[in-house]
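Chains, contacts and geometry: an overview
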Amino acid sequence: MRITDMHITPIAITDPPLRNAAGLHAPYALRTIVELVSDNGISGISEIPGSQAVTDALIEAREVVVGHDPFALNHLLHLLEQRFRSHGADARGQAPWDQRRLVHIFSAVEVACLDLLGKDMGCRVVDLLGGPARERVPFSAYLFFKHEGAGGPLEFDLDANADGWAQARQVSALDPEGIVAQASAMCDEFGFQSIKLKGGTLDPAIEVGSILALREAFGPDTPLRLDPNAVWAVDTAINWGKKMEGVLEYYEDPVRGQEAMAEVRQALSIPLATNMCTTSFEDLPASIRLGSEDIILADHHYWGGLRASVELGRICRTFGRGLSMHSNSHLGISLAAMAHLGAAVPNLTYALDTHYPWQSDEVVVGGQLPIEEGYYEITNAPGLGVELDREALARLHSSYLDCGLKNRNDEIEMQKIEPDWTFKPTRW
Ligand code: GKR
Ligand code: MG
């Protein structure tokens, strides 16, 4: 089999004004959809975070990918690595999200190849990864401090008749009461049984107060996580962490860097997790040596694909580290890929993060995928089990062209609300 074409489509999806350590989400989040077409007329798809650098790199990668056999994945990824090595090393950046290009390219190409192969052979991606350890994959609620609005064009932003989650999704939530209300609406709608709160945005007293309010409202059987995205100082993280001992399931990236994480971990009896201080295979030796975290958040978009993430799972098992999963704003192709990975890796035992409830657009046939009782259930459909809705793809590509965004920049968006606001690597 040969890959005869590679379609690269940047899209913009509506995204509510969510707060994080880097600022505020813009009305649109950028994603890129990749479709590989083979000489037998079958195609495979994938979705990755979008940016101008990623689009440019995908266009360059196309020269390597087209003409290649999708079965020969190891060789293909090797060729891509060689091609991009000449561009110099990628930096992850200080933002909560990862900005390296090569891992995105690997992920886009590998996932689309696996989808293509599954569709060709009539088997699922989870089967290509070694078969399911579970068919139902648990996801966690993901709460954000937010401003009023549901994202997208302003005239459609607010729906006065909305109720339930649709209503909670558009109102502001900037204190513990707002966060508990957001959690209740999200959990009622999707049945989530674990809850993560994005921190690093407001005074730690409000964020820790929100965790304690969630504990009060949901009781000790609902695991809670707090993620300050590395903008707390070590003392801040330890002092506030003491108040959450026995309350948090895990404390995600309270501080920046492996040394600081190791210091906080020593001082507290709460498991530490990361998607910011240990983010690549090269980071793993120091992570183990320093003991910087208990749990690593996999993310096939950032760890170079699904098979690399399976390898990460095995390394975590070897060194006694837990495994969870990171997420950014995304649509159903990414959700399906995350779920196939979550189904395949036996020790991925924590409920996976997902931003999916915050999204209202979709690019797969049939619209948004179901999360019920907090689970997404892998279907028997081949490949990732999802198909591209071409009309939706064209519409979301038009949104991309119209919205004028080429890169994620939460600082600029935040300055529309607080003109003097600037990103600080350590804020509190
Ligand atoms: O989308 O605001 C966001 C998140 O903060 C995201 O960018 C992070 O990468 O969710 C992520 C995390 O767990 O750090
Ligand atoms: Mg995180």
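Cut-offs used in this document
- Residues numbered from 1 in each chain as written.
- Chains lettered and ligands numbered in written order.
- Predicted model: local features only at pLDDT ≥ 70, side-chain atom pairs only at ≥ 80, totals over all residues.
- Heavy atoms only, no water.
- Domains from an automatic or database assignment.
- Contact = heavy atoms within 4.5 Å.
- Buried area = accessible area lost by both parts, 1.4 Å probe.
- Salt bridge = Lys/Arg side-chain N within 4 Å of Asp/Glu carboxyl O.
- Polar contact = N/O pair within 3.5 Å; in protein donor to acceptor, adjacent residues only side chain to side chain.
- Helix = DSSP H or I, 4+ residues; strand = E, 2+ residues; numbered from the N terminus.
- 1 Å grid on protein atoms, 1.4 Å probe; cavity = no way out; pocket = protein on both sides within 12 Å on 5 of 7 lines; lining within 4 Å.
- Points joined across faces, edges and corners; volume = space filled by probe spheres on them.
- Nonpolar A, V, L, I, M, F, W, Y, C, P; charged D, E, K, R; others polar.
- Near = heavy atom within 4 Å.
- Areas by Shrake-Rupley, 256 points an atom, 1.4 Å probe, with all protein chains shown as cover.
- Sits in = over half its atoms within 2 Å of the grid points.
- Buried < 20%, exposed > 50% of the residue type's maximum accessible area, 1.4 Å probe, protein only.
- Pairing = 2+ DSSP bridges.
- Axes fitted to C-alpha atoms, helices over the stretch in contact; angles between N-to-C directions.

1. Quick word on the domain arrangement of the chain
Assigned domains within the chain: domain 1 (3-125 + 389-402) and domain 2 (128-377). Inter-centroid distance (C-alpha atoms) of domain 1 to domain 2 is 22 Å. Across the contact, 50 residues belong to domain 1 and 56 residues belong to domain 2. For the pair domain 1 and domain 2, the summed buried surface comes to about 4100 Å²; carbon and sulfur atoms form 59% of the total. When the buried surface of domain 1 facing domain 2 is broken down by residue, Arg19, Glu47 and Val125 rank first, second and third, together holding 17% of it. For the interface between domain 1 and domain 2, the tally reads 2 salt bridges. Among the salt bridges present, the one from arginine 307 reaches glutamate 110, with a minimum N-O distance of 3.2 Å. Summed over the shared surface of domain 1 and domain 2, the result is 28 residue pairs in polar contact (both at pLDDT 80 or more). Listing elements by their share of the side of domain 1 that touches domain 2, those giving two or more residues are β1 (3-14), β2 (19-20), β4 (28-38), β5 (43-49), α2 (73-85), α3 (101-121) and α14 (390-403).

2. Regarding empty space enclosed by the protein
According to the stated counting rule, one finds 4 cavities of 30 Å³ or more in the structure shown. Taken as a whole, the largest cavity encloses approximately 90 Å³ of empty space. Lining the largest cavity we find 15 residues, and of these Pro96, Tyr142, Lys198, Asn328 and His355 sit closest to its centre. Here the residues of the lining of the largest cavity are counted per class, giving 4 nonpolar, 8 polar and 3 charged. Three or more residues apiece are contributed to the lining of the largest cavity by two domains, here domain 1 (3-125 + 389-402) and domain 2 (128-377). Estimates place the volume of the second largest cavity at around 60 Å³. Along its surface, the second largest cavity is lined by Asp98, Thr274, Asn275, Thr278, Thr279, Leu297, Asp299, Tyr302, Trp303 and His326.

3. Thoughts on the site of ligand 1
Taken together, 17 residues lie near ligand 1, and Asn20, His25, Tyr142, Asn229 and His326 sit nearest. Here an oxygen atom of ligand 1 sits 2.6 Å away from a polar atom, N or O, in the side chain of asparagine 20. With respect to ligand 1, the side chain of tyrosine 142 contributes an N or O atom lying 2.4 Å from an oxygen atom. Look at ligand 1: alone it shows 340 Å² of surface, and the protein chains cover 100% of it. Under a 2 Å grid-point criterion requiring more than half of the atoms, the pocket assigned to ligand 1 is the largest cavity. Breaking the shell around ligand 1 down by element, the ones donating at least two residues are β7 (141-144) and β8 (195-198). Within the shell around ligand 1, the residues separate by chemical class into 4 nonpolar, 8 polar and 5 charged.

4. So, the side chain of threonine 222
With respect to the element layout, threonine 222 can be found in the loop between α8 (204-218) and β9 (224-227). Residue threonine 222 is classed as buried on the basis of its relative accessible area of 15%. At a separation of 3.4 Å, a polar atom in the side chain of threonine 222 contacts the main-chain carbonyl oxygen of phenylalanine 218. When sequence neighbours within four positions are dropped, the list of residues in contact with threonine 222 reads Gln193, Ser194 and Ile195.

5. Some remarks on the sheet that holds β5
What the 3 strands build is an open sheet, ordered β1-β4-β5; its pairing is antiparallel. Each edge of the open sheet is held by one strand with a lone partner, namely β1 and β5. Strand-to-strand twist of the sheet, defined as the mean angle between neighbouring strand axes without regard to direction, takes the value 20°. Across 11 bridges, the pairing between β1 and β4 is antiparallel. Within the sheet, the bridge partner assigned to isoleucine 11 lies in β4 and is arginine 31. With respect to the sheet, helix α13 (residues 332-344) is in contact with β4 and β5, its orientation differing from that of β5 by roughly 100°. Strand contacts of α14: β1, β4 and β5, with the helix running at about 60° to β1, the strand carrying the most contacts.

6. Description of the layout of surface pockets
Taken as a whole, the largest pocket encloses approximately 780 Å³ of empty space. In this structure, the largest pocket is lined by 28 residues; those nearest its centre are Glu81, Leu102, Val103, Phe106 and Glu282. Every element with two or more residues in the lining of the largest pocket is listed here: α2, α3 and α12 (306-318). A total of 6 residues in the lining of the largest pocket trace back to one element, the largest contributor, which is α2. Split into classes, the residues belonging to the lining of the largest pocket amount to 11 nonpolar, 6 polar and 11 charged. Split by domain, the lining of the largest pocket shows at least three residues from each of two domains, domain 1 (3-125 + 389-402) and domain 2 (128-377).

7. Considering the pairing of β4
Of all 11 residues in β4, 11 are buried, a share of seventy percent or more. Burial of β4 is two-sided: the residues Tyr28, Leu30, Thr32, Val34, Leu36 and Ser38 facing one way and the residues Ala29, Arg31, Ile33, Glu35 and Val37 facing the other way are all buried. Where β4 folds back onto β5 in an antiparallel hairpin, the turn is made up of 4 residues, including glycine 41, whose phi is positive at roughly 85°.

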